[in-house]
Amino acid sequence: MTAKSPKKSYGIFTTFLLHLHPPLVDKSAIKFTRTFGLGGINALLFIILAITGILLRFSYLPAPEQAYESILNLQNQTFLGGLLRNLHHWSAKLMVVTAFLHLLRVFFTQSIYFERKKNWYYGLLLFAIVLAFNFTGYLLPWDQLSFWAVTVVSNMPSYIPFIGDGLSNFLRGGPEVDGHTLLNFYNLHTSILPLLFVVMMSLHFYLVRKAKGVTVQNPEEREMVKVNPNLVIREALVALALFLGLLIFSMIFAAPLLDYANPLLSPNPIKAPWYFAGMQELLIHIHPTLAILIVPLSLIGFLLWIPNQKINTQNIGKWFYNERGKSLLLYSSLLSAFFTFAIVLVNEYFLTEMLLSGPPLILGLVPFLLYIALTLGIIFFLQMKFKIDKIELFNALFSIIFCSYLILSIISIYFRGINMELIF
């Protein structure tokens, strides 16, 4: 067998790249602040997760009696086993963050309209798969933290009228979190979800390529440059920096592992995984049917509805739409953060006590109506101050919802103590 010449190897490498990228790319599209490389970072994180996940399969045993012990053996007896688990764990957590930031980037550059509408839907589905990936992987260590967090979240659908209990039982594989849940989550985590992710990610990339790359402003004024080396070098540098950063972080910070899961001894408080913490906080304040069904469905409907609206094509591709976009984002975010925090305090210390003697529906409805009223108040204020158009309205609403969930998550994670009481 003869070795390939450097020239031939370079040709194969270039041909492979052209399956991922076009030969030429808009110079403004490869500017780092245009996308922050978030799409590529997510793809790289998936590759890291896939490789580390395959290696973890050689040590992990998906049964309650063996799962925790196999994690201990991996960490203490296997060469570089602890580092391998840490790398997998932190990559998964980072992927939730970067996938969400990618979603924000796409939204705030108006890359969801016209021919990119379908890809926005695929992106939302991919984000849901990323959350499912994390949630199913959360249980696998089978320690107190994972067991009770999954118990909390898997019990949330039971609040949905008529079908809630059935959904919770379906999610757990039975009436409670046990070995069936662990086996189901393991199989989903290591087979169904990776397959779905690869298919959806391939379609996602194909549609980006079909739309001639990422959204840029004034596409008729494009200055085209060669993908290789202009884009390839940037991607290689970002990939190298990401991997080294993750490796160093994983060498310093160990993935959490508490005591062996004990179904008879619940910690206090029991908290959901951090990406579901906002929903857990929401359950404290409004009626469960609103928190688990109406609010999530309304949000999904809002995100699916926006790209179908008739809009002005001006400024498509520009960050935050126009020059006053940053001011709008700042106003809507700060006001949203302030009134969300205020509603939590008012409901915690005044409304609950005042309405406790009334019907439970009233108790769970008043904070929700208060939130809707204040949201409409912010929109009215922005309309009066800035005379906002349709896209600016969508951006403001998105900012308000995002900031509210962020504040709820922060309160749930850092300011809920024993019995989920507020602590400061």
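Relevant structure appears above.
This one's a predicted model, so the numbers in the text were calculated from it and none came from an experiment.

**Regarding the overall build of the chain**
Argument step 1. Scanning the chain for helices and strands turns up 15 helices and two strands.
Argument step 2. Seen through its C-alpha atoms, the chain measures out along the principal axes to roughly 80 × 65 × 40 Å.
Argument step 3. A total of about 22,900 Å² of accessible surface is found on the chain, and carbon and sulfur atoms cover 71% of it.
Argument step 4. Computed over 29 positive and 20 negative side-chain charges, the inter-centroid distance for the chain is 16 Å.

**What about the nonpolar core?**
Argument step 1. Core analysis: the biggest nonpolar cluster contains 79 residues, and Phe-107, Tyr-113, Trp-120, Trp-142 and Phe-197 have the highest contact counts within it.
Argument step 2. Residue contacts for Trp-142: discarding those within four places in its chain leaves Pro-64, Ala-67, Tyr-68, Phe-147, Val-177, Asp-178, Gly-179, Leu-182, Tyr-260 and Ala-261.
Argument step 3. Counting residues in hydrophobic clusters, the runner-up holds 10 residues, among them Phe-339, Ile-379, Leu-382 and Ile-388.

**Comments concerning the environment of Lys-385**
Argument step 1. Mapped onto the elements, Lys-385 comes out in helix 14 (residues 360-386).
Argument step 2. In the structure, Lys-385 is positioned 49 residues away from Ser-336 in sequence and 16 Å away in space, judged by C-alpha atoms.

**Here's the deal with the side chain of Arg-116**
Argument step 1. Tracing the backbone shows Arg-116 in the loop between helix 5 (81-108) and helix 6 (117-139).
Argument step 2. Ignoring anything within four residues of it in the chain, the contact list for Arg-116 reads Ser-111, Ala-211, Gly-213, Val-214 and Thr-215.

Cut-off values and rules
- Residues numbered from 1 in each chain as written.
- Predicted model: local features only at pLDDT ≥ 70, side-chain atom pairs only at ≥ 80, totals over all residues.
- Heavy atoms only, no water.
- Helix = DSSP H or I, 4+ residues; strand = E, 2+ residues; numbered from the N terminus.
- Areas by Shrake-Rupley, 256 points an atom, 1.4 Å probe, with all protein chains shown as cover.
- Lys, Arg positive; Asp, Glu negative; His and termini not counted.
- Charge placed at Lys NZ, Arg CZ, Asp CG, Glu CD.
- Core = buried A, V, L, I, M, F, W, Y, C linked by side-chain atoms within 4.5 Å.
- Buried < 20%, exposed > 50% of the residue type's maximum accessible area, 1.4 Å probe, protein only.
- Contact = heavy atoms within 4.5 Å.

Function cannot be read off these values alone, since they describe shape.
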